[in-house]
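Report on the structure
Each chain is listed here by its residues.
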Amino acid sequence: MGLMTIGAFAKAARLSPKALRLYDELGVLTPKRVDTVTGYRLYAPEQLDQARLVAWLRRLGMPLARIQPVCALDAGPAGQEIRAFWAQVEADTAARRDLATFLIDHLSRKEPAMNPTAPSLGIRYAALSDTGLVRETNQDTAYAGSRLLAVADGWGSQGAPAGAAAVEAFKHLETDSIPAGPLLNVLEDVIEQAKQAVHDVAATASAAEGTGTTLTAMLWTGSQLALVHIGDSRVYLLRGGELFQITHDHTMVQSMIDEGRLSPEEAASHPQRSLLVRALGPGTDTHPDLRLHDAQRDDRYLLCSDGLSTVVPTPEIQRALSETSDPDQAVRELITLANASGGPDNISCVIADVVEL
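Residues numbered from 1 in each chain as written. Predicted model: local features only at pLDDT ≥ 70, side-chain atom pairs only at ≥ 80, totals over all residues. Heavy atoms only, no water.

**Quick notes on the side chain of Asp232**
- Tracing the chain through its elements places Asp232 in the loop between strand S9 (224-230) and strand S10 (234-239).
- Here Asp232 is buried and forms no salt bridge, its nearest opposite-charge partner Arg234 lying at an N-O distance of 7.6 Å.
- Beyond its immediate stretch of four places on either side in the chain, Asp232 contacts Thr214, Asp249, Thr251, Leu276 and Asp306. (Helix = DSSP H or I, 4+ residues; strand = E, 2+ residues; numbered from the N terminus. Buried < 20%, exposed > 50% of the residue type's maximum accessible area, 1.4 Å probe, protein only. Lys, Arg positive; Asp, Glu negative; His and termini not counted. Salt bridge = Lys/Arg side-chain N within 4 Å of Asp/Glu carboxyl O. Contact = heavy atoms within 4.5 Å.)

**Here we look at helix H7 (residues 183-202)**
- A rise of 1.5 Å per residue sets the reference length of H7, with its 20 residues, at 28 Å; its end C-alpha atoms lie 28 Å apart and thus fit the reference within 8%.
- Every buried residue belonging to H7 is among Leu183, Leu184, Leu187, Val190, Ile191, Ala194, Lys195, Ala197, Val198, Val201 and Ala202, and all of these are buried. Taken end-on, H7 shows its buried residues confined to a sector of 165°, consistent with a single buried face. (Expected span 1.5 Å × (residues − 1). Arc of directions from axis to C-beta.)

**Side note on the pattern of salt bridges**
- Applying the stated criterion across every chain yields a total of 13 salt bridges.
- For the salt bridge of Asp24 with Arg41, the shortest nitrogen-to-oxygen distance reads 2.7 Å. Placement of Asp24 in helix H2 (residues 17-25) and of Arg41 in strand S3 (residues 41-43) is noted, with a sequence separation of 17 residues between them.
- Between Arg124 and Asp353 there is a salt bridge, with the nearest N and O atoms lying 3.4 Å from each other. In this pair, Arg124 is assigned in strand S4 (residues 121-130) and Asp353 in strand S14 (residues 347-356), connecting sequence segments 229 residues apart.

**Let's talk about the sheet that holds strand S2 (residues 33-34)**
- The strand order across the open sheet formed by 3 strands is S1-S3-S2, and the pairing between neighbours is antiparallel. Single-partner strands in this sheet number two, and they are strand S1 (4-5) and S2.
- By the bridge criterion, 2 bridges tie S2 to S3 in an arrangement that is antiparallel. In the strand pairing of S3, Arg33 is matched with Leu42. (Pairing = 2+ DSSP bridges.)

**Considering the environment of Arg332**
- Secondary-structure assignment places Arg332 in helix H12 (residues 327-340).
- On the accessibility criterion, Arg332 (45% relative accessible area) is partly exposed.
- On a C-alpha basis, the gap between Arg332 and Ser129 in space is 9.2 Å, while along the polypeptide they are 203 residues apart.

This is how it looks when you write it as structure tokens:
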């Protein structure tokens, strides 16, 4: 079978001639031959499979710049690239979904009429940070107050000041009046302040070593907890005896798990398991996750750095949270467990119990 005109090829590939001309210009799908007299593009029938692949990838929303290298790969690696692209799409969609949920909760939530029999809720809290058994200094920051809970895990030559600066940027929320409506705007402003504070600290650090920090914070509004999360510190919720992780690690290995390229068991021993893809600091993606959580009486929240979560199995964390009622005693118990497992990193824990006032 001979070469096909661009019109015939476009019809067979279910693409328009205009799209084919664009793909040629971008190097995504080059014609087999271009007539030197007429300038007509001519295609070989065996190029139909590649053209249809391009069409399907465009329907997925893949940018043309990414389609070009995918088309040059063998079937197996091409499939892996498509899987990785779609995992990123789902992650981006999830982030937008969380933001949409946040906005819907605030814009549609109406203040209920005052019910004299409804319980008034508050939080009982404790925070503790420990150097661990291996590190010489502690670059973690843990804070708990009547409205603000926060954990930051810094790194680099100025990691400790960076983490402390990020948390400090949030502390005015303890005393400032925050109207319920513009809570998202308030959080966005304070996140920008935290970013700038970390950048100011990083400017004094060694460029070769770099400096940054994770930040996981929760703001108590009276009936809800607003979550700001970036990095690999975590928040767990103990509710009704069940333990739930309510944050998503922003690490390279977690991305590989999401893409199906790595199992959770393999991730536990991966050499790059601490490599962050989002954090506060120069040269990093600094967009945090934002969520709202409706609080219930007897909820227990744990914020912790990875010095706890990477060395203490989840069942042990659940046991300690379930069996130790006092927050001060519970944070000490968790740090003891981490040190008993070798204490290879700094350990920070913040616990908040939702209680009836």
